[in-house]
Amino acid sequence: MNDDLAALSARIDHTNELLKRMLAEVAKTPSTHAIFVDAGYLYAAAGRLVAGTEDRRAFDVDAEGLIDALIDRARTIFADSRLLRVYWYDGARRRIHTAEQQTIAELPDVKVRLGNLNANNQQKGVDSLIRSDLESLARHRAISDAALLGGDEDLVSAVEAAQGYGARVHLWGIEAPDGRNQAEPLLWEVDSQRTLDLEFFKPYVSRRTASAHETTTERPTRENVRFVGAQIAAKWLAARGRDSLVELLPGHPYLPGSVDQDLLVEAEGLLQYSLRGQADLRRALRDGFWEHLRTQY
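Everything in this summary refers to the structure shown in the same document. Please read these numbers as outputs of a predicted model, since none were measured by experiment.

**Describing the overall build of the protein**
Item 1. Of regular secondary structure, the protein possesses 13 helices and nine strands.
Item 2. Per-residue burial over the protein gives 43% buried out of 297 residues.
Item 3. About 15,800 Å² of surface is accessible on the protein, with carbon and sulfur atoms providing 49% of the total.

Spelled out as structure tokens, the structure:
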């Protein structure tokens, strides 16, 4: 009997030791978050807020700069978490990427998921894609937090599915000039709510007009833009100092929204050319900026 009790006690001790090790490993595992963007909601709400219209043909969106700004905002909110990726949901006829959607799909850490676009330019199937991804990622413990930029009531089931597997869902909305642009049942279900205001979107949304830079200046080469990025980096470092550089480096390859916007505006002035919507040149600009800074560290 004593031998049996001793064996049982040993097994219990062994099991407890395994549990302690497992909990220790879980404690060391970093939290992970993902950003889910309903592009239909984003374009409609941001267009109305900044340009006064929901008609996509009437305004331009710097999607790359906006996505970087969303990543930067998430980094400040989920300070002890790493980004899995940004999921960008949009509609397209026969689910064939447009040129803009293809450019977005080529961005690092971005996954474009397409629903259909009907004859009335209405998205179909996007909500089900969001639910499928949210539920799958939560079920497999791939994310602990989800930032959801959207407003449709049909997203309630997606939120509930993710929460059922232990993920927290944080709803991001866009300031509405009049009334509310998110369904109340959706607001009730999420774990937290935040609103992105006019100042957040102003740098990335603009009414579509002929650009003086684009009509009078030839398109610069990637090497020219990269060189300008390095020039601006040298000026930035001289003004800010090495302490600011040390704070900036951990975020590579992303720049804080304010730094990225200042870089864009200064580069456009030096080049006398608009880089809005020029994803390849924007990347070259950032590459040049980062390459110079990293050589100085």
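**Regarding the packing of aromatic side chains**
For any pair of aromatic rings, the description rests on two quantities: the centre-to-centre distance and the angle between the ring planes.
Item 1. Taken as a whole and judged by the stated rule, the model has six aromatic pairs.
Item 2. Every member of this aromatic cluster is reached through a ring pair, and the members are Phe 36, Tyr 87 and Tyr 89.

**Regarding the side chain of Asp 38**
Item 1. Positionally, Asp 38 belongs in strand S1 (residues 31-38).
Item 2. Buried within the structure, Asp 38 lacks any salt-bridge partner; its nearest side chain of opposite charge belongs to Arg 56, at an N-O separation of 6.9 Å.
Item 3. Only 3.1 Å separates the side chain of Asp 38 from the backbone nitrogen of Gly 40, close enough to count as a polar contact.

**Some points on the packing of helix H5 (residues 126-139) against helix H6 (residues 156-164)**
Item 1. Axis separation between H5 and H6 bottoms out at 8 Å; the angle between their running directions is 5 degrees. What the angle tells us is that H5 and H6 run roughly parallel. Judged by residue contacts, Ile 130, Arg 131, Leu 134, Glu 135 and Ala 138 of H5 engage Ser 157, Ala 158, Ala 161 and Ala 162 from H6.

**Quick notes on the nonpolar core**
Item 1. Formed by 39 residues in total, the largest nonpolar core has its most connected members in Ile 35, Trp 88, Ile 104, Leu 149, Ile 174 and Phe 201.
Item 2. In terms of residues, this core owes the most to one element, helix H2 (residues 39-51), which gives eight residues.
Item 3. If we skip the residues at most four places from it in the chain, Phe 201 touches Ala 46, Leu 49, Val 50, Leu 66, Ile 174 and Leu 196.

**Side note on the layout of surface pockets**
Item 1. Each pocket or cavity is described by its volume, and for the second largest pocket that value is around 240 Å³.
Item 2. Taken together, 15 residues form the lining of the second largest pocket, with Pro 108, Pro 253, Arg 283, Arg 286 and Asp 287 sitting closest to its centre.
Item 3. Mapped by element, the contributors of at least two residues to the lining of the second largest pocket are helix H3 (63-77) and helix H13 (279-295).
Item 4. For the lining of the second largest pocket, the residue count by class is eight nonpolar, one polar and six charged.

**Some words on helix H10 (residues 222-240)**
Residues spaced three or four apart along an α-helix face the same direction, because each turn holds 3.6 residues.
Item 1. Given a rise of 1.5 Å per residue, 19 residues ought to cover 27 Å, and the 26 Å separating the end C-alpha atoms of H10 matches this to within 8%.
Item 2. Listed in full, the buried residues belonging to H10 are Val 225, Arg 226, Val 228, Gly 229, Ile 232, Ala 233, Trp 236 and Leu 237.
Item 3. One or two steps after H10, the chain reaches Gly 241, where phi turns positive at roughly 90 degrees.

**Considerations on the packing of H10 against H13**
Item 1. Closest axis-to-axis distance for the H10/H13 pair is 7 Å, and the angle between their directions is 40 degrees. Comparing their axes, H13 and H10 come out oblique. In this structure, H10 meets H13 at a crossing whose hand is right-handed. Residues Arg 222, Val 225, Arg 226, Val 228, Gly 229, Ala 230, Ile 232, Ala 233, Ala 234, Trp 236 and Leu 237 of H10 form the contact with H13, whose participating residues are Asp 280, Leu 281, Ala 284, Leu 285, Asp 287, Gly 288, Phe 289, Glu 291, His 292 and Leu 293.

**Concerning the pairing of strand S7 (residues 168-174)**
Successive residues of a regular strand alternate their side chains across the two faces of the sheet.
Item 1. Within S7, six of the seven residues are buried, which leaves it mostly tucked inside the rest of the structure.
Item 2. Pairing between strand S6 (residues 145-149) and S7: five bridges, direction parallel. Its bridge partner being in S7, Leu 148 is matched across the sheet by Leu 171.
Item 3. For the crossover that starts at S6, traverses H6 and ends in the parallel S7, the hand is right-handed.
Item 4. Across five bridges, S7 lies against strand S8 (residues 192-196) in parallel orientation. Looking at the pairing, Gly 173 lines up with Thr 195 of S8.
Item 5. In this region the chain leaves S7, passes through helix H7 (residues 184-189) and returns to the parallel neighbour S8; the handedness of that crossover is right-handed.

Here is what the cut-offs are and how they apply
- Residues numbered from 1 in each chain as written.
- Predicted model: local features only at pLDDT ≥ 70, side-chain atom pairs only at ≥ 80, totals over all residues.
- Heavy atoms only, no water.
- Helix = DSSP H or I, 4+ residues; strand = E, 2+ residues; numbered from the N terminus.
- Buried < 20%, exposed > 50% of the residue type's maximum accessible area, 1.4 Å probe, protein only.
- Areas by Shrake-Rupley, 256 points an atom, 1.4 Å probe, with all protein chains shown as cover.
- Phe/Tyr/Trp six-rings, centres within 6.5 Å; stacked < 30°, edge-to-face > 60°.
- Lys, Arg positive; Asp, Glu negative; His and termini not counted.
- Salt bridge = Lys/Arg side-chain N within 4 Å of Asp/Glu carboxyl O.
- Polar contact = N/O pair within 3.5 Å; in protein donor to acceptor, adjacent residues only side chain to side chain.
- Axes fitted to C-alpha atoms, helices over the stretch in contact; angles between N-to-C directions.
- Parallel < 35°, antiparallel > 145°, perpendicular 65-115°, else oblique.
- Contact = heavy atoms within 4.5 Å.
- Core = buried A, V, L, I, M, F, W, Y, C linked by side-chain atoms within 4.5 Å.
- 1 Å grid on protein atoms, 1.4 Å probe; cavity = no way out; pocket = protein on both sides within 12 Å on 5 of 7 lines; lining within 4 Å.
- Points joined across faces, edges and corners; volume = space filled by probe spheres on them.
- Nonpolar A, V, L, I, M, F, W, Y, C, P; charged D, E, K, R; others polar.
- Expected span 1.5 Å × (residues − 1).
- Left-handed = near helix turned anticlockwise from the far one by under 90°.
- Pairing = 2+ DSSP bridges.
- Right-handed = clockwise from strand over helix to strand, strands pointing away.

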